[in-house]
Amino acid sequence: MSAPSVNLSPSPSPSPSPTTSPVAPASNAGYALLILTLINLVNYLDRYIVAVALPGIQKEFGINDTQSGLLGTMFIVVFMLASPVGGFLGDRYPRRLLVAGGVLLWSLATGASGLATSFVALLVARAVIGIGEAGYGAVAPSIISDLYPREQRTRMLAFFYIAIPVGAAAGYGLGGWLTQQYSWHVAFFAGGVPGLILGAMAFFMPEPKRGAMDGPDAEAKLPFMVGLRGLGRNAAFWAVTAGYTLMTFSIGGLGFWMPTYLVRERGMAGDSAGFIFGAITAVAGLLGTVAGGWLGDRMDRKREGGGLWMSGIGLLLAAPCMYLAVNLKEVGPALAAMGVAQFLIFLNSGPINAAIVNCVPPAFRAFAMGLNVLCIHLLGDAISPALIGNIADAANLRTAIAVNALPVLLGGLALLLGARLFREAVPRARATA
């Protein structure tokens, strides 16, 4: 089955006839998927070390919560602005070279973060990390889509995105322990080492042909302006991106501030807060991502957009759990609510990203992913860490975190709309082919 093409195709010409995707994935798909997943794990490990190192950084540099939030915002701003450029290059040049170069750059910058002797120097290092991650984040899903047929993509992308909770948990846990035992500088030094090894390995990763799993009619090359016009008319893409943006706004800020919340509002020690929140993230995120990949494929086989519908329901249910997590007085029930919320949110990792790569032509997937990254961060977690810090300075951190359940609720509604648009587009595409 090929990806839907009417309103989802960048060309105004009639859609090509649907073709049958190859039944089996590429012979070297498993190796490439493993390398990309390990890199993604290190990606999130490096991102979240700063969250548990934050109390030590604040003490050393004498910065307030609003300034601290800028450490998250600076990384995200640079990452989002560089991502469409990475996607543009990924549609035209060997993607493994972009992956390898990006990983090496951000790993060196992570290590350099530990050498920072001022707040400004640390901000610069976080900016360079954003550049490196942009060279990887936009192209990795497009590589996976060319390694596996459509009926397996949600599961394979879910496997890839398992690295998010596991990597975040490793960042919280390892970063918290190293910061407590040694210093936040050592935590950054240790975080940079795995990426240097994986970056070197990525140079030898296989490079699949663009559209290899989308049938013989799939275009391997597409003029940029033609693809851009088609993407502008792609209603399903924009609805999914809107839901993803609202979700990212909330969880990006929460991921940055939650360890500090547990220390400040719940009275936990710094290393305990990082370990506990990391463990909750790892377990809930791992289970949610795996369940989302499996259920998403099953729902998509029953009807187009089924995985997106499941994602929307998941966010609608996650919103009240997020609110309860910071309003329940007892620590145990609050942590349980936090775990349920994360499970429901991580259900979306595979279905949302599979919907994005499936609703655009193979020759334009890397740029579409890069543009999606720009949107979800520009209006999402680029502003939420600093905004939460600002609200916390004006009121308190508990209040600042509690109001972030609302974007998750709205994101669920947007994904339900995306599921309807995705489902409605496919029959029209087949009817006019």
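Before reading further, recall that the structure is shown in the block above.
Residues numbered from 1 in each chain as written. Predicted model: local features only at pLDDT ≥ 70, side-chain atom pairs only at ≥ 80, totals over all residues. Heavy atoms only, no water.

Student: Help me out: how do you make sense of the packing of helix H10 (residues 235-264) against helix H13 (residues 331-346) in this one?
Tutor: The packing of two helices is summarised by the inter-axis angle and the distance between the axes. The interhelical angle for the contact between H10 and H13, taken along N-to-C directions, is 150°, at an axis separation of 13 Å. Classified by the angle between their axes, H10 and H13 sit roughly antiparallel to one another. The interaxial crossing formed by H10 with H13 has left-handed handedness. Of H13, the residues touching H10 (which contributes Met247, Ile251, Met258 and Leu262) are Leu335, Met338 and Ile345. (Axes fitted to C-alpha atoms, helices over the stretch in contact; angles between N-to-C directions. Helix = DSSP H or I, 4+ residues; strand = E, 2+ residues; numbered from the N terminus. Parallel < 35°, antiparallel > 145°, perpendicular 65-115°, else oblique. Left-handed = near helix turned anticlockwise from the far one by under 90°. Contact = heavy atoms within 4.5 Å.)

Student: Got a minute to help me understand the side chain of serine 142 in this structure?
Tutor: With respect to the helices and strands, the residue serine 142 is situated in helix H5 (residues 140-145). Serine 142 sits in the buried class, given a relative accessible area of 2%. Only 3.2 Å separates the side chain of serine 142 from the side chain of arginine 95, close enough to count as a polar contact. If sequence neighbours within four positions are ignored, serine 142 has contacts with Arg95, Arg365 and Ala366. (Buried < 20%, exposed > 50% of the residue type's maximum accessible area, 1.4 Å probe, protein only. Polar contact = N/O pair within 3.5 Å; in protein donor to acceptor, adjacent residues only side chain to side chain.)

Student: Please clarify how the nonpolar core should be interpreted in this entry.
Tutor: A general tendency of soluble globular proteins is for nonpolar side chains to be buried together. Ranked by size, the top nonpolar core spans 120 residues in total, and within it Leu36, Ile39, Ile57, Leu71 and Val99 carry the most contacts. At 18 residues, the largest contribution of residues to this core is made by helix H1 (residues 29-61). Excluding anything up to four places from it in sequence, isoleucine 57 contacts Val50, Gly62, Ile63, Leu71, Leu122, Trp184 and Phe188. (Core = buried A, V, L, I, M, F, W, Y, C linked by side-chain atoms within 4.5 Å.)

Student: Could you clarify how one ought to interpret helix H9 (residues 224-232) in this entry?
Tutor: What sets the pattern is the α-helix's 3.6 residues per turn: residues three or four places apart point alike. Those residues of H9 not exposed but buried are Gly227, Gly230 and Leu231. Projected down its long axis, H9 shows its buried positions confined to an angular sector of 100°, all on one face. Against the buried residues of H9 lie H10 and helix H15 (365-381). (Arc of directions from axis to C-beta.)

Student: What's the story with a nonpolar patch on the surface in this structure? I'm lost.
Tutor: Among the surface-exposed residues, Tyr31, Leu97, Val193, Ile197, Met201, Phe203 and Phe204 lie close enough to one another that they form a single nonpolar patch of about 690 Å² accessible area. Residue contributions to the nonpolar patch peak at three residues, all from helix H8 (residues 184-202). With respect to the helices, strands and loops of the structure, leucine 97 is situated in helix H3 (residues 95-113). (Patch = residues over 30% accessible without salt bridge, like charges linked within 9 Å, V, L, I, M, F, W, Y side chains within 5 Å. Areas by Shrake-Rupley, 256 points an atom, 1.4 Å probe, with all protein chains shown as cover. Salt bridge = Lys/Arg side-chain N within 4 Å of Asp/Glu carboxyl O.)

Student: Please explain the packing of aromatic side chains as it appears in this structure.
Tutor: Aromatic ring pairs are reported here in terms of the distance separating the ring centres and the angle at which the planes meet. The final tally for this structure, using the stated rule, is eight aromatic pairs. Relative to phenylalanine 79, the ring of phenylalanine 75 has its centre 5.7 Å away and its plane inclined at 5°; by these criteria the two rings are stacked. Separated by four residues within a single helix, phenylalanine 75 and phenylalanine 79 lie in helix H2 (residues 65-90), roughly one turn from each other. Of the two residues examined, phenylalanine 75 and phenylalanine 79, each falls in the buried class. Ring geometry for phenylalanine 237 versus tryptophan 238: centroids 5.0 Å apart, planes at 80°, classification edge-to-face. Ring-pair connections join several aromatic residues into one group, and the members of that group are Trp106, Tyr136, Phe160 and Tyr161. Positioned above the aromatic ring of phenylalanine 88, the side-chain terminus of arginine 92 is 4.1 Å from the ring centre. The ring of phenylalanine 75 has arginine 126 sitting right over it, with the charged end atom 5.7 Å from the ring centre. (Phe/Tyr/Trp six-rings, centres within 6.5 Å; stacked < 30°, edge-to-face > 60°. Lys NZ or Arg CZ within 6 Å of the ring centre and 35° of its normal.)

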